[in-house]
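Letter by letter, the chains look like this.
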Amino acid sequence: MQYICLIYSAENSGPKPGTPEFGELLQKYNVFSEEVKSKGMLVAGDALQPVSTATTVTTENGKVEITDGPFAETKETLGGYYLLECKSLDEAIEHAAKIPTAEHGRIEVRPVMVFDN
Amino acid sequence: MLPPFQLEQTISTLVREDWGRILASLVSSFNDWQLAEDVLQDSIEQAVVIWQRDGLPDSPAAWLITTARRKAIDHFRRTARFVELQPELAYLIGLEQSSEDFDIDNVIPDKRLELIFTCCHPSLDRKTQVALTLRTLGGLRTEEIASAYLDKPQTMAQRLARAKNKIAVANIPFEIPEESKLRERLSAVLCVIYLIFNEGYAASTGKHITRADLSDEAIRLARIVAQLLPEQTEVAGLLSLMLLHDSRRFTRQDSNNTMISLEDQNRSAWDKGKISEGVELLKATLVKQQIGAYQLQAAISALHAESASWQETDWPQINALYELLYATQPSAVVRINQAVAVSYADSIEAALTMLLEIENDKLVKEYQPFYAARADLNLRDGRKAAAKKDFKKAIALSDNDSQTAFLVDRLNNF
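Residues numbered from 1 in each chain as written. Chains lettered and ligands numbered in written order. Predicted model: local features only at pLDDT ≥ 70, side-chain atom pairs only at ≥ 80, totals over all residues.

**Student:** Explain the overall build of chain A here, please?
**Tutor:** The secondary structure content of chain A amounts to two helices and six strands. Reading the helices (α) and strands (β) of chain A from amino to carboxyl end gives β-α-β-β-β-β-α-β. The principal-axis extents of the C-alpha atoms in chain A amount to approximately 50 × 45 × 20 Å. Expressed as a percentage of the 117 residues in chain A, the buried residues total 15%. (Helix = DSSP H or I, 4+ residues; strand = E, 2+ residues; numbered from the N terminus. Buried ≥ 20, exposed ≤ 12 C-beta atoms within 10 Å, placed from the backbone.)

**Student:** Looking at this structure, how should I read the pairing of strand β4 (residues 63-68) of chain A?
**Tutor:** Where a strand is regular, its side chains alternate between the two sheet faces. All names here are of chain A. The element β4 is barely covered by neighbouring structure, given that only zero of its six residues are classed as buried. Summarising the sheet, strand β3 (residues 55-60) and β4 pair through six bridges and their orientation is antiparallel. By the bridge assignment, T59 is partnered in β4 with V64. Hairpin connection of β3 to β4: two residues between the antiparallel strands, including N61 at a positive phi of 55 degrees. (Pairing = 2+ DSSP bridges.)

**Student:** Teacher, can you tell me more about the domain arrangement of chain B here?
**Tutor:** Many descriptions give the size of an interface as the accessible area lost when the pieces come together. Residues and elements named next belong to chain B. Assigned domains within chain B: domain 1 (4-110), domain 2 (113-242 + 330-412) and domain 3 (243-313). Here the C-alpha centre of domain 3 lies 17 Å away from the C-alpha centre of domain 2. Counting from both sides, the interface comprises 19 residues of domain 2 and, opposite them, 22 residues of domain 3. For the side of domain 2 that touches domain 3, the secondary structure elements donating two or more residues are α11 (211-228), α12 (233-246) and α20 (401-412). (Domains from an automatic or database assignment. Contact = placed C-beta atoms within 7 Å.)

**Student:** Looking at this model, I keep getting lost on the environment of S398 of chain B. Mind explaining?
**Tutor:** Mapping S398 of chain B onto the fold places it in the loop between α19 (384-397) and α20. Apart from the residues within four sequence positions on either side, S398 of chain B is in contact with Q368, Q403, T404 and L407 of chain B.

**Student:** When you look at unusual backbone geometry in this model, what are you seeing that I'm missing?
**Tutor:** It is generally the case that most residues other than glycine have a negative phi and that most peptide bonds are trans. All names here are of chain B. For N31, which is not a glycine, the phi torsion comes out positive at approximately 50 degrees. Looking at the element boundaries, N31 is found in the loop between α1 (4-30) and α2 (33-54). N31 sits in the partly exposed class, given 15 other C-beta atoms within 10 Å. If you check the backbone angles, L150 has positive phi at about 55 degrees while not being a glycine. Positionally, L150 belongs in the loop between α8 (142-148) and α9 (153-169). Among the residues examined, L150 registers 10 C-beta atoms within 10 Å and is labelled exposed.

**Student:** Would you explain the interface of chain A and chain B in this entry?
**Tutor:** Chain A puts five residues into the contact, and the matching count from chain B is six residues. Broken down by class, the residue content of the side of chain A that touches chain B amounts to three nonpolar, one polar and one charged. (Nonpolar A, V, L, I, M, F, W, Y, C, P; charged D, E, K, R; others polar.)

**Student:** Can you walk me through the confidence of the model for chain A in this structure?
**Tutor:** The predicted coordinates should not be examined in detail at positions where pLDDT is low. In the predicted model, chain A carries a mean pLDDT of 94, and 99% of its residues have values of at least 70. The secondary-structure element of chain A with the lowest mean pLDDT is β4 of chain A, recorded at 94, while strand β6 (residues 106-111) of chain A shows the highest, at 98. (pLDDT = per-residue confidence, 0-100.)

**Student:** Help me understand the confidence of the model for chain B in this model?
**Tutor:** All names here are of chain B. Confidence in the prediction of chain B, expressed as mean pLDDT, is 89, and 92% of residues score 70 or more. Within chain B, the element-level pLDDT minimum falls on helix α4 (residues 86-97), averaging 68, and the maximum on helix α14 (residues 293-305), averaging 98. The low-confidence segment residues 200-206 (pLDDT under 50) makes 12 contacts with residues lying over four places distant or belonging to another chain. Taken together, the chains of this predicted complex give a pTM of 0.89 and an interface ipTM of 0.89.

**Student:** Would you explain the environment of E85 of chain A in this entry?
**Tutor:** Residue and element names in this part refer to chain A. Relative to the helices and strands, E85 is located in strand β5 (residues 76-85). In the structure, E85 is positioned 58 residues away from Q27 in sequence and 23 Å away in space, judged by C-alpha atoms. Among all residues touching E85, those that are not within four sequence positions of it are Q2, G40, M41 and V43.

**Student:** Please clarify how the packing of helix α17 (residues 348-358) of chain B against helix α18 (residues 368-380) of chain B should be interpreted in this entry.
**Tutor:** In a packed pair of helices, the relevant descriptors are the angle between the two axes and the axis-to-axis distance. Residue and element names in this part refer to chain B. Where α17 contacts α18, the axes come no closer than 10 Å and their chain directions differ by 150 degrees. With respect to their mutual orientation, α17 and α18 come out roughly antiparallel. Classified by chirality, the crossing of α18 by α17 is left-handed. Where α17 approaches α18, its residues I348, A351, L352 and L355 are matched on the opposing element by A373, R374, L377 and R380. (Axes fitted to C-alpha atoms, helices over the stretch in contact; angles between N-to-C directions. Parallel < 35°, antiparallel > 145°, perpendicular 65-115°, else oblique. Left-handed = near helix turned anticlockwise from the far one by under 90°.)

**Student:** Please explain the packing of α12 of chain B against α14 of chain B as it appears in this structure.
**Tutor:** Residues and elements named next belong to chain B. With their axes 8 Å apart at the nearest point, α12 and α14 run at an angle of 30 degrees to one another. In terms of their interaxial angle, α12 and α14 are classed as roughly parallel. Read as a crossing pair, α12 and α14 show a hand that is left-handed. Where α12 approaches α14, its residues T233, E234, G237, L238, S240, L241, L244 and H245 are matched on the opposing element by Y294, Q295, Q297, A298, S301, A302 and A305. Classifying every residue of the contact of α12 with α14 gives seven nonpolar, seven polar and one charged.

**Student:** For this particular structure, what's the right way to read the sheet that holds strand β2 (residues 42-47) of chain A?
**Tutor:** Two strands in a sheet stick together by hydrogen bonds in their backbones, pointing the same way (parallel) or opposite ways (antiparallel). Residues and elements named next belong to chain A. An order of β2-β5-β1-β6 is seen for the four strands of this open sheet, with the pairing classed as antiparallel. Of all strands in the sheet, those bounded by a partner on one side alone are β2 and β6. In this sheet, neighbouring strand axes are inclined to one another by 20 degrees on average, regardless of whether the strands run parallel or antiparallel. One ladder, built from six bridges, connects strand β1 (residues 2-10) with β6; its direction is antiparallel. Each residue of the ladder has a partner; that of I7, found in β6, is I107.

**Student:** Can you help me understand the nonpolar core in this one?
**Tutor:** Generally speaking, nonpolar side chains in soluble globular proteins are found buried as a group. I193, A222 and L239 of chain B are the most contacted members of the largest nonpolar core, which totals 112 residues. Here A222 of chain B is in contact with I193, V235, L238, L239 and M242 of chain B, once residues within four sequence places are set aside. (Core = buried A, V, L, I, M, F, W, Y, C linked by C-beta atoms within 7 Å.)

**Student:** Help me understand helix α13 (residues 272-286) of chain B, please; the structure alone is not making it clear to me.
**Tutor:** For an α-helix, 3.6 residues make a turn, and residues three or four places apart therefore share a direction. Residues and elements named next belong to chain B. Taking 1.5 Å per residue, 15 residues should reach 21 Å; α13 reaches 21 Å between its end C-alpha atoms and fits that length. What α13 keeps buried is the set I275, G278, V279, L281, L282 and T285. Buried residues of α13, seen end-on, are gathered within an arc of 165 degrees and therefore sit on one face of the element. Of the exposed residues in α13, those oriented more than 90 degrees away from the buried face are K272, G273, E280, K283 and A284. Contact partners of the buried residues in α13: α12 and α14. (Expected span 1.5 Å × (residues − 1). Arc of directions from axis to C-beta.)

This is the structure:
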């Protein structure tokens, strides 16, 4: 079954773009992606642009309301995700722990809903 | 025919004894916790009626599981999932047909380890782990568990329902963890069992369940795990520790519900059977040379248990054991307990120095036992003003009537 791993971290935490440490982080991400791909677990995965580029959309009485920014101002923000095919929660947890941002941020692991047809 | 009350007693005892094993086997068969619980509960209710009429079956446990399995099969036939569940159904029906077998291991395969490891899965919070363990392995009713936590039954029911749902939806696997993860996962199981043992319900007795019942349940659970994982020395270590603690059950409080310290307890009222069992088990475990924190704590407890009086206690040995314990589990709590041993093995001065070293620890600043221990040391050393100050602080931090009464008593009596 599929689990989404939502990658959260505080915007100032972790290596800054342009630094050698940031290059190392990207490299670690490549390694991780390769690992889950080779295990046949990688369904999807993407990094997201920072929350400063976010737009929040809602509707009220048919009227579309648009706000600049994420839906909530939180200390830790969503930076990316992986969608993984795993045998069990244990396997999902084991791999979520290897996502490089786990070192300075947090990964939320949630099962994807399956609808019986 | 058994009179109704006796029958109910029999069923009640049987249920407490066998609930965990039967439920574990049902969950293992068709991986649906709620259904397993429901069919087992229904079977018990049916048993009350049928055994009343027909008398007790030769093997009540086998009767219960067979009935439960039949109900599960009926349930699956009725639901839309019948087709995809063919293999599970076939397995269940197969089990049912071999129900002539009275070898308990075949009739009710023991899946209690899988069950307890799943209850104590790290993705469930500690309180949920405890509640789920009590419900599924202990067979305690939701109201009893709620009462133990001073929760409303409704709240506890929701917690349990949420946990079972998470296990199903997030697919927490029903299995014994593999070798590399076993130690870590087992340590959570032991922590949960010890928490159950220590749940001294502040009000001391809930309406439905007493502290004593929970301590008994913890010991029972530890026995099961020890029997199923005989090479894991810390399980035996915990069992030994709990037996030794429990041997003092009736000497801890006086008739006014005031706590009695270890120093003043009536040792002749300590349960010799439990002490003997705890000590023998510990001896058999220590020789396996895989020492851990529970074994060390048990060893300390055993030294107290075997000492005829507080004065005759082997304090240097206890101090040495605390030192080993600290190496495994460096915590202020260990130092506080060790300080008492140091005060007798060495000097009060040395003990006070040990406490001074941890005085500014974040965890210690509002930790009642620290002040209680230091108050006692100061008092013995003749430092009355310092003792008074510490007793007052300890009293202010105490959240337990029995303990508060004890401290107030000491404060008023010097």
